[in-house]
Every structure is written in structure tokens, then in C-alpha cells.
Amino acid sequence: MAPKKKDSNGFHPRIVVFACNWCSYAGADLAGVSRLQYPADIRVIRTMCSGRVNPAFILKAFKMGADGVLWTGCHFGDCHYMFGNYRAEENYQRLAKILDLLGIEKERYGLEWISAAEGQRWSRIINEFVENVQKLGPKKLGVKS
Amino acid sequence: MIAAGSGDRCRIGVFVCHCGRNIAGYLDTAAVADYARTLPGVVYVSENHYSCSEPGMKEIGRAIREEDLTRVVVAACTPRTHEPLFRKTCADADLNPYLFEFVNIREQCSWVHSKDRAAATCKAMDLVRMGVAKAALLEPAEAIQVEVTPAALIIGGGVAGMTAAVSLARRGFPVCLVERKQELGGRLHDLNLVYPVAEKADDLRDRLQKNVAKYEKIEVLTGAGVTAVNGFIGHFEVEIEQGKKKLSRTVGTIIVATGADVLVPEGMYGYDGHQVITQLELEAQLRAGTFAGESVAMIQCAGARNQERSYCSKICCFTALKNAMQLKTARPEMPLYILYRDLQTHGLKYEAFLNEAREKGIQFVRYSADDPPQVAGGVIRVRDLNLNRELTLAVDIVVLSTPLVPRHDTRELSHLLRVPVGENGFLLEAHAQLRPVEFATDGVYICGAALWPADISESIFQAQAAAAKAAIPMGQGLVSVEPITCQVRPELCRGCGLCEQICEFHAPGLTILQNGTRVAAINEVLCKGCGTCAAMCPTNAIVARQFTDRQLLSMLTTALRDWHAPAVKE
Amino acid sequence: MNASVQKALKDSRSFLCLECGRCTAVCPVSGVKQDFSPRRVLSNLLTLNNSDPLNSTSVWECLTCGYCSLVCPTRVDYTGLMRAVRMEAEKPALEELCSHGGVMQTIMQIMVSGNLDQKRMGWIPEEAKYSKTKGEVIYFTGCLPYFDAFFSYIDVDTLQTGRQTLRLLNALGVKPVVLPNERCCGHDLLWSGDLDGFRRLNEINLELFAGTGARILVTSCAECYHIFKYEVPELVGDHGLEVLHISQFLYRHKSSLQSKLRPGEKLRLTYQDPCRLGRQGGVYDEPRDVLTLLPGVELAEMPRHGPQALCCGTSAWMNCTSYSKQIQAERLAEAAGTGAGVLVTACPKCYIHFTCAQHDQPSSSEKQVTVRDMTDVIASSLEERR
């Protein structure tokens, strides 16, 4: 089967998810082991810690045409590096202000804590996030329309 | 080793794993492989039935040598379990193991999009392209060698802690065994008999205590607690408080054997500690010979397998059987009921024991979680699911089988050791199957009920396993730390000191140069490689190795530029 | 050699370089970085000495402060050369040099989107008088809301500049247009070599300006000022607006302003000439004249001021290094040396860069002065609203 680029009849959003090695990525793995289904509209980029994610990555994702970006990590208190997720939270708050100034809808971005044991939660969050972005439609920033 | 930096020639090999039907059953691996052939830098692509099998790994090794690969991308399961294996495969074929990139198309693709073959295939292609993009920018790295102090700290002097201590001491390693209480023994102090061998808990405790005392290498610190742990595998600096005394020890490994608490069933089934007691209280009375009940009913799953505590505590069914049998053996005429939801009598011995209990006349009553027994004034009203009948049982003692719960101070311990806590509040191992007695943090191990409700024999074999694991680095004397660490590019550092402020591991430090400017440098042994400093650094002076900005952005860029999505059905 | 670089060398009169080294003598970067010399960068470009000057960091190290061109005996336009060369230079080298992971550049690149619907007006005080659509004067706020959001962690309050500018304009009876969807002026894209992005941003801006019926464009940022006054007409198109920095606008209405000022306590200030306003815009006197209108204010000049002013050390959100820090520390010490309590700037970039340098575990001399935007200093002397 030759895959085709998305056609005009429907909308497959382009969603980038940053996941930390120890918790949320492991939670995503558990969702897999548990065969919990969710839409294939996400591409995960693994980092060691949610604190590794530079807010610029998320802005760049939107600039390059992402319809949504999700930033995930360990619950507070669970960070493998103790407080990396607190740093992620601080950076996210600054980022969220900028995304809001740019008029990017709140449903298109988020920061979620998902533990290694929360396959269900991963799957639910992805399902909901994708659905919300689908409702909003394409964003297509960074292009001279 | 092939020192292939990003500037060097880049010959990427991509290996697409079928994982039997696990991947190939849900997405078109041939299409993914064909697509991989079109990607820049890719010179070799093959499909493997199982990449992690002997033939699969041989094929990777062969291709590295014969196809002259300088980068390897395996699209298979998850790096969390199999990355070390494939890194080793690369190293065995003389390719620097850090020139390997893992693409997860099973846990995060085939298994979760198993009803949409086209979408899963598109996603797998994108993930492979992202992996290839990152692979092209990978840099070789050499593991950092750290000397290991051949000594262990064991936290908790119960059955698991004592067993681990003896196990290590017998291998010749000095052990510091820290126990909060004034005496070693832990839960054994509260128990009566220890099954399946019907040994008195006191005897087992004495035996273990004597065993510990036999070894000079074991330093026992009772009435003591660990207050601080710094450092890393091979070199942990531990602060201990024993009464007013403050001690410090340097150890190479740490074993956690802190056990669990038993739920006190306040407000459940009229619990009062007299007529309605717990199994633990029953055992205390049996030990002391003070138990005076004429008729007994035991209620299983008291406070367990509910909304608040979803897990099965596992040991309670057997504890109830053990105590019921004891009562029944002493007084065969005693009316004895066990009210249960499901009986877990795993293994050969325990199931036989259940049959014996039935023969002795112990009555088993199955109740429903939706309609639990009602206890009032020495009378239990319960609907028996097997008979489908309401029963009224008049007994003078009700015994509640309550679950083991995480120790009240688990959070503190988790912060102290920088180890995670799982969903149910117990400490969380690195991997349930692959690394069951280790934490994700190197050099820290776990055994016994601190991890999960465990009975005595499980605690013992976990303790021996943890000791065996801890003995590996201590025996080798050297460990390799993953070179996934951060480095400062001094030419971009403006010496703001933010990295130094935020790092919990004290890896970055500022030095003042001759011209008065400050510049940061990172101690790579202390660095855990989280990369937070790299994200926080205002001037991008910090490079998080294996997760550099360039690598992550190349993944992001290629993902968004050439995103595949299946045609939408109308 | 690429034709555009050839043309840039020609346009900037680089062929006339006498190799006298005066540029290196005054260059703030050369002052702290021994191996940096504008002359050598130029000669590398001319002779292709360096194997690939377009792929080296040297073209990004220049602060484009323009001091070299001022002292050049043959008037080589080194800054102009850098602007042109950067358009041709390899961008990956730049990506690594962008501060904060390139957040600021990315915000600008997102702003080229035609379908953007910004929510950037939240900072405007309720009592402020302004129009979102029509008026005689446009107040171009620039990146102030974005700076404020991003730099909150170093205690930077750039929105104070916006609020105070509005207060000043209102006090002078001006009800400016503040455009809810204005784009960044593109200064930093232009100076990081992204001409397309720069053009696109200002095509949108020009469209928005045209709809207002305005005659005057006021900025509170030296860079926005320079871009709209010089680069936009040169590279994008004519906007037909008179472009004024807020200091010029206040200067024009100085008698009216003076009547609204209340007596103040004695305050010793020193003034930082932003490169784009001073050396490259020729606006030296107006800010000083307006500042000295303030009752009680005494202006103390730093040894290097006016055309000799030292740059704030970082330009276009890139190449912020220990050299930047040294330049900033040097300048803060110079400001402190005047005995002034406040270092006044007329550009939010200078304000952010100096504040940041103070935030970096400063030595005592770096912290002696308070860095404030001139609008804040002036508006603080306004009579309270009745």
C-alpha cells in the first residue's frame, strides 16, 4: 500500500508529543502493552526528562505547521531527576503566555503528567487531545497565506 | 571503533523488525522498509523476523561489517527495554554503540493502531524517517568509567534486609545495615508462624539475627535512619543519624528493604481491636497464647481491591488460611468462617493447604464486593454468592484481613534516593520483568514488601536477587556510566550560573577565568543527563549529548515537513 | 564568490579598506575578544582567505553597532556589509547561536502567518485612550508583550514601557492607534539574514498601517524606529508615515509636556544611546533634552556617549556570550562611575540586556545602577491623573 498524503476529505492533524524517558514515554509503552488504541496522528519525540524540552521546540513545531503540540512528563514528585518537571512547568507557563499572545488556541497545546504506570491515562489524554485539535481544524502557521 | 562524527561520511542501516506478528501483523513492514531505502544517508535496509533474536542480531552485525555502516537504526519495540541489547550488538561489530538509534514501532505504533493498518504504516514511516534524521547527527561516545566502592548500604533490617546483608557479606562485601527500630527483625516481631514450613517467626528471626551477627563485615546500626544520600553508583555518600550520633558512610550500592505497613482498618466492619481485630492482632494473640475466641469469622479484602486501593495484597488469603488452620487444629470443633471475594492460593503448597483447610471443616463463604458483609453486635449478615442465600453468622471474633500498604514514609525515601513511586504508592522498580529488583537509578536496588506485597519467602528470594545484582558492580570494581551527559560549550557560556542553580545533582559549576569572566563546566560523573540545564541555558551553551538541539530539531523538522497521513475514508 | 556577496562588498565600499585597523580599535567585540577584528572578517570575505567565511561564526559575531563605519577613513559600511552577507550565509551556524533556543526568532517567523489572530492587547490599562482602527498617530508597540511574557524570570517589565508611552501620548492629548494584530518589525530577522521573513512581516504591517489613515508612526523602541524609518522604505515599500521615536515625539511637544510635569526629587541619570537611534539614526539630542526637562533631573554623561557610545552587547537575540557579558559589565560599571542612580535607555533591548547582566550573579559595580526605560522615567514625572 502506498501511503498518501492527507486528502481534502478529512483532517488528520499533525501533533507532536514530547515524552520523557522515565514516565510518560513508559506510560505510552504501557498503553501499547495494554493494546489501548488511539489515533495515529501523533509523533513522539523522546527526551530523557520533560525539563529537556526547550519552549523554542514547541514554537518551532507550530512554525513548521504542527496543529498541536503536547509536552508530557512525570507527575510532581516522580521525576527521575527530582525537579526536571518543575522546570518544565515553569518554562511551559512562559511558553503558554506567548502562545496565547500569538492567538494559538489553548486546545492545541498542553502540559500533561503521565506516570510509567498510567497507560490508560496516556491513551485517554492522546484521544482527547487529538479530538480537540481535530475539532479546531488545521493551523498552518508560519506560511504566507 | 569507527569515530564517525556528524561531519563524517554517514552510511545508515535501517532494520525493520516484524516482531513476529506483533508489528508485521498490524502495519506494512515491507512498505516501511521500502520507504526507508529512499531516505537520505540510508545505504542498507533489511527486515527481520525478530531483530532481538540471535539471527536478527547477527544480521545487524554482519551488515555493519559488510555494508560498512556507520549508523544503525532499528525500528522495533521500545528503547526502554531493548536499547542496551542493540547498543551491544553494534559494539560487538566495532561500531560505537552511541551511533545507534531506536525507533519504537511496536508499543507506540503497531499495538496502539492495530485497527488502522494504513495509519500505522504512515506513522511508522514517519517515525523511521525521524530516527534516521537523528541517527545522521549522532556522535560517538565513550562510556564514563567510575570506580565502585565495594561496600553496600542496606536500608531496613527486616527479613529482606537481613537476608541481603548476609548474602553480600558472604561474598565478602562490607555492609552497613540500617534499621529504624532498636532491634533487627522487622515484621517478624509481629508474626506468629511463618508458612509454608510452619516455623515460628521468632525462630526465623533469631536465626537471621545470628546469621547477621556471624559476619564482621556487617555493621548493624539499629535505632538509626538515613538522612541524606548524595553521589552516584560506585560512590554514594550516606548520612545516617543514630540517636544523637551523626555518621557518614561511603558505599558503592544501596539496597532498599524497608517493607510495608499493614492497613489499620479504622471504621471498617466495626473494627475495635477487641471483637473485631486484624490478622496481625490475631497473630500477636496467638503468639502470646491469649486468644480466647470461641468462634471466628475472617473477612478477606478488608480495605483492599477497592477504589482507593485497587491492587490485591496477595499475602492475606494465605495469612487467613494459616491462622484459621492453626485455630482449627487446636480446636477442631471451633466454628470458623472465611468470607472471601476471590481466593488467591498460588503455587503448589498453598493450593494443597486450601484443600486441607476445607477438609478440616473451615467454611468458605463467597461475598460480593457490591454487597459486603454487615457486622453488628457479634452477628455477620452476608450474602453467599455460591449458595445465593443470605447467611447470618454469630461469632465472637471477627478477623479482618487487611492489605499491606506502602510505608507512610515512602515519599520521603523516594526523594532521598531519587527513585520513583508507582501508581499504588509503592516504590517502583525499573522494569517489572527485565529489572525487577533494581531502580532506574544505577546502583540502587530494592527487595521485599517496599516494592509490592510480598510474603516471607518472596522477600527472601528478592533479597538474594538484589544482593546478587548489587554484587555485580562491586565485584567488577568499575562501572560504566552512560555518556548521555551534558557538556558546556565555553565559547557560548556567559557565566550566568542558572545551570548551577537548577541542577539537583550539582553537576555544573562555575569557574572564574583570568579575565574575570565566569564559565560553567559540567562534571559528567555527577551529571544524570536529564538535559534540563540545556533547555534552561539562555545562550544555548549546553549540549545534552544524545539529545542535542540539533538532533531533536532535525526529528521535529522532518516529522512536520514530510508528514504522512492515510487517505481519509468518506 | 557569490554574486550577492560581490555586490555587497561593492555597495559597502569594502574594496576601499586600507587595512588601517581603526575599526578593530573601536569595535566593542574586539575590545573583549582578542581574535575578533572587523578588518579581518572583511579581508576574509574579500580574499576568501578563510575557506568559507559564509559558514563561519564571525559574520554573526558583529553587534552591528556601526562604530567601525563611523571611524573608517574610507567610510566602509561594515554594518551594511554584514546585513547583506548574513542573507547569504549558512543558517545552521546561526541556529546554534540563537539565544533561548531561538524563541524570539521563531515568534517572528510565526508572525509571518497571514492567518494570525493575536491576543496582544491585554496589557493596555482601562483608562488609556486609544483606538484599534483609526487615528492620526500609530503607536507601534513592537514585541513588548512577548518580551514581557518571556523575560518575566529576570524581572523585566517591558510592558511598563508600553503603558507609560500610552500615558505620555494621552497626556499630550494624543489618542493613538494601537493595532491588535501588528507584526514584529522584523529587525532581528533582517539582521539574522532572513530577508523574506522581514519583507513578509512588513508587508502585513504596511497593509495594517494603510487602514488607519495615520500620518505619524511612533515607536518606543530604537530598533523599530530605525526599521520603519530606513529599512522598510528601502526593502519593502513606502508607508508614507513620518516615523518618530517617542523621544522625538515628546521633544516636538516639549512645552506641552513640560506643563504636565510635577516637581520631583533630585535624580541623577545617565543615558545609553541605543545604536540604532544614536549612531545609526542620528538621534542624540532629543532624548537628552526631554530627560532634562524633568524637574530635579540631572544628566551625567558616561565617558563614551553620543557617537562613541558603547553597545549593550547583544544584537538580534544571538551570539550572547561571555563577550556580551563583559561588554555589559563594562558599560554598567561605566554608568555607575558617573554617580548616576539610573541608567536610562531608549530601547527595550538595551533595557533587557543590561537587566539580564545584572541578574547574572552580578558584582557590586554592575548592580549600582537601576536600568529603566526613558518612557518610564518621564511618565513617572507626569502629574497624577485627576
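Residues numbered from 1 in each chain as written. Chains lettered and ligands numbered in written order. Predicted model: local features only at pLDDT ≥ 70, side-chain atom pairs only at ≥ 80, totals over all residues. Heavy atoms only, no water.

1. Brief notes about the overall build of chain C
- When you go through chain C residue by residue, the secondary structure sums to 21 helices and seven strands.
- Taken against the 2.2 N^0.38 rule, which gives 21 Å for 386 residues, the C-alpha radius of gyration of chain C at 20 Å falls within 12% of a compact globule.
- Viewed in the frame of its principal axes, chain C has a C-alpha envelope of about 65 × 50 × 35 Å.
- Buried positions account for 63% of the 386 residues belonging to chain C.
- Within chain C, residue pairs in contact and separated by at least 24 positions form 79% of the contacts whose partners lie at least 6 positions apart.
- Per element, the accessible surface of chain C, about 13900 Å² overall, is 48% carbon and sulfur.
- Each charge class in chain C can be summarised by its mean position, and for the 41 positive and 43 negative side chains these summaries are 4 Å apart. (Helix = DSSP H or I, 4+ residues; strand = E, 2+ residues; numbered from the N terminus. Rg over C-alpha atoms; globule rule 2.2 N^0.38 Å. Buried < 20%, exposed > 50% of the residue type's maximum accessible area, 1.4 Å probe, protein only. Contact = heavy atoms within 4.5 Å. Areas by Shrake-Rupley, 256 points an atom, 1.4 Å probe, with all protein chains shown as cover. Lys, Arg positive; Asp, Glu negative; His and termini not counted. Charge placed at Lys NZ, Arg CZ, Asp CG, Glu CD.)

2. As for the overall build of chain A
- Regarding its fold elements, chain A presents four helices and four strands.
- For chain A, the sequential pattern of α-helices and β-strands runs β-α-β-α-β-α-β-α.
- What you see for chain A is a C-alpha radius of gyration of 15 Å, in line with the 15 Å of a compact globule of 145 residues.
- Along the first, second and third principal axes, the C-alpha atoms of chain A reach 45 × 40 × 25 Å.
- For chain A, with 145 residues in total, the buried portion stands at 66%.
- Taking as baseline every contact in chain A between residues at least 6 positions apart, the subset at least 24 positions apart corresponds to 80%.
- Computed over 21 positive and 14 negative side-chain charges, the separation of the two mean positions in chain A equals 9 Å.

3. Details of the confidence of the model for chain C
- For chain C, mean pLDDT is 92; residues scoring 70 or higher make up 95% of the total.
- Across the interfaces of the predicted complex, the ipTM metric reaches 0.94, alongside a pTM of 0.77. (pLDDT = per-residue confidence, 0-100.)

4. Some remarks on the sheet that holds strand β4 (residues 100-104) of chain B
Residues and elements named next belong to chain B.
- Taken in spatial order, the four strands of this open sheet run β2-β1-β3-β4, and their pairing is parallel. Looking at which strands have only one partner, the edges of the open sheet turn out to be β2 (42-48) and β4. Pairwise comparison of adjacent strand axes, ignoring direction, gives a mean angle of 15 degrees for this sheet.
- Where strand β1 (residues 12-17) meets β2, six bridges bridge the pair, whose relative direction is parallel. Opposite Cys-17, over in β2, you have Asn-48 as the bridge partner.
- Relative to the sheet, helix α2 (residues 54-66) contacts β1, β2 and β3 (71-76), its axis offset from that of β2 by approximately 165 degrees. (Pairing = 2+ DSSP bridges. Axes fitted to C-alpha atoms, helices over the stretch in contact; angles between N-to-C directions.)

5. Details of the sheet that holds strand β7 (residues 370-373) of chain C
Residues and elements named next belong to chain C.
- With parallel pairing, the four strands of this open sheet are ordered in space as β5-β4-β6-β7. Bordering the open sheet on either side are β5 (297-299) and β7, each of which pairs with just one other strand. Across the sheet, the axes of successive neighbouring strands diverge by a mean angle of 35 degrees, strand direction being ignored.
- Here helix α19 (residues 348-359) sits on the sheet and contacts β4 (267-272), β6 (342-345) and β7; the angle it forms with β7, its principal contact strand, is near 160 degrees.

6. A closer look at the pattern of salt bridges
- Scanning the entire structure with this criterion turns up 65 salt bridges over all chains.
- The closest approach of N and O atoms between Glu-59 of chain B and Arg-62 of chain B, which form a salt bridge, is 3.2 Å. Of the two residues, Glu-59 of chain B and Arg-62 of chain B are both situated in helix α2; the distance of three residues between them amounts to about one turn of the helix.
- For Lys-88 of chain B, the salt bridge is made with Asp-92 of chain B, and the minimal N-O distance between the two is 3.0 Å. With Lys-88 of chain B and Asp-92 of chain B both in helix α3 (residues 79-92) and four residues apart, the pair spans about one turn of that helix.
- Here the residues in one salt-bridge network are Arg-46 of chain A together with Glu-83, Arg-87 and Glu-482 of chain B, joined through shared partners. (Salt bridge = Lys/Arg side-chain N within 4 Å of Asp/Glu carboxyl O.)

7. Some thoughts on the interface of chain B and chain A
- Counting residues at the interface gives 65 residues for chain B and 63 residues for chain A.
- Together chain B and chain A conceal approximately 5600 Å² of surface at their shared face, both sides included; 61% is due to carbon and sulfur atoms.
- When residues of chain B are sorted by the area they lose upon contact with chain A, Arg-80, Leu-560 and Trp-563 of chain B head the list and together hold 14% of the total.
- Applying the counting rule to chain B against chain A returns four salt bridges.
- A salt bridge links Asp-126 of chain B to Arg-43 of chain A, with the shortest nitrogen-to-oxygen separation between them at 2.9 Å.
- The interface formed by chain B and chain A contains 18 residue pairs in polar contact (both at pLDDT 80 or more). (Buried area = accessible area lost by both parts, 1.4 Å probe. Polar contact = N/O pair within 3.5 Å; in protein donor to acceptor, adjacent residues only side chain to side chain.)

8. Observations concerning the side chain of Lys-33 of chain C
- For Lys-33 of chain C, the position within the fold is in the loop between α3 (28-32) and α4 (38-47).
- A polar contact of 2.6 Å, which involves the side chain of Lys-33 of chain C, links it to the side chain of Glu-61 of chain C.

9. Structural notes on the interface of chain C and chain A
- Taken together, the 27 residues of chain C in the interface contact 21 residues of chain A.
- Between chain C and chain A, the buried area comes to about 2100 Å², and carbon and sulfur atoms account for 61% of it.
- Counting across the chain C and chain A interface gives zero salt bridges.
- At the junction of chain C with chain A, the criterion picks out six residue pairs in polar contact (both at pLDDT 80 or more).
- Mapped onto the side of chain C that touches chain A, the elements with two or more residues apiece are α9 (103-111), α10 (144-150) and α13 (195-210) of chain C.
- Top element by residues in the side of chain C that touches chain A is α9 of chain C. It accounts for six residues.
- Taken together, the residues that form the side of chain C that touches chain A break down as eleven nonpolar, ten polar and six charged. (Nonpolar A, V, L, I, M, F, W, Y, C, P; charged D, E, K, R; others polar.)

10. Focus: the environment of Val-251 of chain B
Residues and elements named next belong to chain B.
- Locating Val-251 in the fold gives a position in strand β13 (residues 245-251).
- Residue classification places Val-251 among the buried residues on the basis of a relative accessible area of 2%.
- C-alpha separation for the pair Val-251 and His-235, spaced 16 residues apart in sequence, amounts to 5.8 Å.
- Discounting chain neighbours no more than four positions away, the residues touching Val-251 are Thr-149, Ala-151, Ala-152, Leu-153, Gly-234, His-235, Phe-236 and Val-238.

11. Details of the nonpolar core
- In terms of nonpolar packing, the biggest core is built from 247 residues, with Leu-102 of chain A, Val-14 and Val-72 of chain B together with Leu-257 of chain C touching the most fellow members.
- Sort the elements by how many residues they give to this core and helix α5 (residues 117-136) of chain B lands first, with eight residues.
- Split by domain, the residues of this core number at least three in each of domain 1 (12-141 + 550-561) and domain 4 (486-545) of chain B.
- Setting aside residues no more than four positions away along its own chain, Val-14 of chain B makes contact with Ala-36, Val-42, Tyr-44, Val-45, Ser-46, Val-73, Val-128 and Val-132 of chain B. (Core = buried A, V, L, I, M, F, W, Y, C linked by side-chain atoms within 4.5 Å. Domains from an automatic or database assignment.)

12. So, the packing of helix α1 (residues 29-37) of chain B against α5 of chain B
Residue and element names in this part refer to chain B.
- Their axes nearest at 9 Å, the elements α1 and α5 cross at an angle of 35 degrees. The crossing of α1 and α5 is right-handed. Residue-level contacts link Ala-31, Val-32, Tyr-35 and Ala-36 of α1 to Thr-121, Ala-124, Met-125, Val-128 and Arg-129 of α5.
- Here the contact of α1 with α5 is composed, by residue class, of seven nonpolar, one polar and one charged. (Left-handed = near helix turned anticlockwise from the far one by under 90°.)

13. Observations concerning the packing of helix α1 (residues 3-11) of chain C against helix α7 (residues 78-88) of chain C
All names here are of chain C.
- Relative orientation of the contacting elements α1 and α7 amounts to 175 degrees, with a least axis distance of 9 Å. Of the possible angle classes, the one that applies to α1 and α7 is roughly antiparallel. Together, Ser-4, Val-5, Ala-8 and Leu-9 of α1 and Leu-81, Ala-84, Val-85 and Glu-88 of α7 make up the contact between the two elements.
- Of the residues belonging to the contact of α1 with α7, the class tally is six nonpolar, one polar and one charged. (Parallel < 35°, antiparallel > 145°, perpendicular 65-115°, else oblique.)

14. Re helix α15 (residues 549-561) of chain B
Residues and elements named next belong to chain B.
- Taking 1.5 Å per residue as the helical rise, α15 with its 13 residues ought to reach 18 Å, and the 17 Å between its terminal C-alpha atoms agrees with that figure.
- Counting buried positions over the 13 residues of α15 gives ten, a clear majority of the element.
- Turning to α15, its buried residues number three or more, namely Asp-549, Gln-551, Leu-552, Leu-553, Ser-554, Met-555, Leu-556, Thr-558, Ala-559 and Leu-560. (Expected span 1.5 Å × (residues − 1).)

15. Details of the environment of Leu-137 of chain B
All names here are of chain B.
- Of note, Leu-137 is situated in the loop between α5 and β5 (144-147).
- Relative accessible area serves as the criterion here: at 16%, Leu-137 is assigned to the buried category.
- As a C-alpha pair, Leu-137 and Gln-546 span 409 residues in sequence and 9.1 Å in three-dimensional space.

16. Focus: the state of the cysteines
- Under the defined criterion, the tally for this structure stands at one disulfide over all chains.
- Here Cys-23 of chain A is linked by a disulfide to Cys-74 of chain A, with a sulfur-sulfur distance of 2.3 Å. With the S-S bond torsion at 95 degrees, the cross-link from Cys-23 of chain A to Cys-74 of chain A turns out right-handed. Here the residue Cys-23 of chain A occupies a position in the loop between β1 (15-20) and α1 (24-33), and Cys-74 of chain A occupies one in the loop between β3 (68-73) and α3 (84-101), the gap between them amounting to 51 residues. Across the pair, exposure class does not vary: Cys-23 of chain A and Cys-74 of chain A are buried alike.
- Cys-65 of chain C takes part in no disulfide bond, and the closest cysteine sulfur, belonging to Cys-275 of chain C, lies 5.0 Å away.
- Under the relative-accessibility criterion, Cys-65 of chain C is labelled buried at 6%.
- For Cys-185 of chain C, which is in no disulfide, the shortest distance to another cysteine sulfur is to Cys-224 of chain C and amounts to 4.0 Å.
- Using a relative accessible area of 4% as the deciding quantity, one classes Cys-185 of chain C as buried. (Disulfide = S-S within 2.5 Å.)

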